Amino acid sequence: GGAAPPRLVCRLSSLLGAAARRFLTFGEGPTDALLVNNDAWLSPLSYLAFLRDYGRHFTINRMLSFESVKQRLARESPLSFLEFNYMILQAYDFLELHRRHGATLQFGGSDQWGNIISGVELGRRADGAQLFGLTAPLVTTADGKKMGKTAAGAVWLNEDLLSPYEYWQFWRNTADADVGRFLRFFTELPQDEVEKLEALRGAQINDAKVVLANEATRMLHGEACLAEIQATAASLFAAGGGGGGGGTASLKRVKLSADEAAAGVPVVDLFVSLELGKSKSEVRRLVAGGGAKLNDVKIEDAALLISTASFEAASEIKLSAGKKKHGVVELAQ
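## Re the overall build of the protein
Tallying secondary structure elements over the protein gives 15 helices and 11 strands in all. Against the compact-globule benchmark of 20 Å for 333 residues, the protein has a radius of gyration of 25 Å, which places it well outside the compact range. Taken over the C-alpha atoms alone, the protein extends approximately 75 × 50 × 45 Å along its principal axes. When contacts within the protein are restricted to residue pairs at least 6 apart in sequence, long-range pairs at least 24 apart make up 60% of them. Entry remark: accessible area of the protein is about 19500 Å², with carbon and sulfur atoms responsible for 56%. Here the protein contributes 37 positively and 38 negatively charged side chains, and the mean placements of these two sets differ by 5 Å.

As structure tokens, then:
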């Protein structure tokens, strides 16, 4: 695809800034964070002047030596000229950040090693600057999978894309073997408290998972949402937890108008709308396997229509995909 429109870039920048402000202090203080846009120095560049002044500091031999490039070539995966140039542009960003803001250290995941080192070398060659890079391995779960992915997709920080409850549930569903590491990585709890929590065994490890979920969610979404999340969780984790009601306030929901309810809406459509299944065929397979439930009762027929009668005397019903994914269908008043 082509370059993103400037308005979209501005909007994405503001969203990134909003997420970062949950974790960093921005301002004018000596240790406060700054949010800068590399468009300030990239857009005014003349291509020929840039090649003349900075292209000479890069060799194809050196760029091909980095592991990230080697792996792409070994897989015979197409590497566009645009992607190949990204290393040069990120290196130039580091140089400009040093010139404008005195930045001397760039952090990144281990997959960014080649790009960061290119910036270190460009700083030395262009300005005689001594710059540094620090990388960390990408976080993986105990079973070797990349952290931050779920069966449903990415774990978003933006609550419009992933609700606070779903974010909380992601942490609550952490594997037993990962709890201690993730408490250290993703919370600010003191070390002695982490050691006590990770020492829990059997069913008690779930208490540590709740602490992890509470702390991680508090840092991103604030304290106010936790009471509602915990009420929802208590309802859903309780044995035989009933249908819709006060304990479902944090769940994703869809509304049915009176006309829609009168006509009836296919339950498979509602599962897809609630993101409890990626497609109608996937939901049908879920029903066939016994994993789809309405108010905790197994749905036997994938052709079921949700109608006014389905709500009985209630204003909402709960749909579930397995034990951990839930959503609410609300009858509009």
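## With respect to the confidence of the model for the protein
Detailed reading of the predicted coordinates is not advisable wherever pLDDT is low. Here the protein averages 87 in pLDDT, and 92% of its residues register 70 or above. For the protein, per-element mean pLDDT is lowest for strand 3 (residues 149–150), which scores 60, and highest for strand 2 (residues 132–136), which scores 96.

## Points about the packing of helix 9 (residues 179–186) against helix 10 (residues 191–198)
Across the interface, helix 9 lies against helix 10 with an axial gap of 9 Å and an inter-helix angle of 160°. One element, helix 9, and the other, helix 10, form an angle in the roughly antiparallel class. The two elements helix 9 and helix 10 cross, and the hand of that crossing is right-handed. For the pair formed by helix 9 and helix 10, the contact residues are Gly-180, Leu-183 and Arg-184 on the first element and Gln-191, Val-194, Glu-195, Leu-197 and Glu-198 on the second. Residues that form the contact of helix 9 with helix 10 fall into these classes: three nonpolar, two polar and three charged.

## Topic: the nonpolar core
If you look at the biggest cluster of nonpolar residues, it comprises 26 residues, and the most contacted ones within it are Tyr-165, Tyr-167, Trp-168, Trp-171 and Leu-183. Looking at this core, the element that brings in the most residues is helix 11 (residues 205–221), giving six residues. Ranked by size, the runner-up nonpolar core spans 22 residues in total, among them Leu-256, Leu-270, Leu-274 and Ala-321.

Basis of the calculations
Residues numbered from 1 in each chain as written. Predicted model: local features only at pLDDT ≥ 70, side-chain atom pairs only at ≥ 80, totals over all residues. Heavy atoms only, no water. Helix = DSSP H or I, 4+ residues; strand = E, 2+ residues; numbered from the N terminus. Rg over C-alpha atoms; globule rule 2.2 N^0.38 Å. Contact = heavy atoms within 4.5 Å. Areas by Shrake-Rupley, 256 points an atom, 1.4 Å probe, with all protein chains shown as cover. Lys, Arg positive; Asp, Glu negative; His and termini not counted. Charge placed at Lys NZ, Arg CZ, Asp CG, Glu CD. pLDDT = per-residue confidence, 0-100. Axes fitted to C-alpha atoms, helices over the stretch in contact; angles between N-to-C directions. Parallel < 35°, antiparallel > 145°, perpendicular 65-115°, else oblique. Left-handed = near helix turned anticlockwise from the far one by under 90°. Nonpolar A, V, L, I, M, F, W, Y, C, P; charged D, E, K, R; others polar. Core = buried A, V, L, I, M, F, W, Y, C linked by side-chain atoms within 4.5 Å. Buried < 20%, exposed > 50% of the residue type's maximum accessible area, 1.4 Å probe, protein only.

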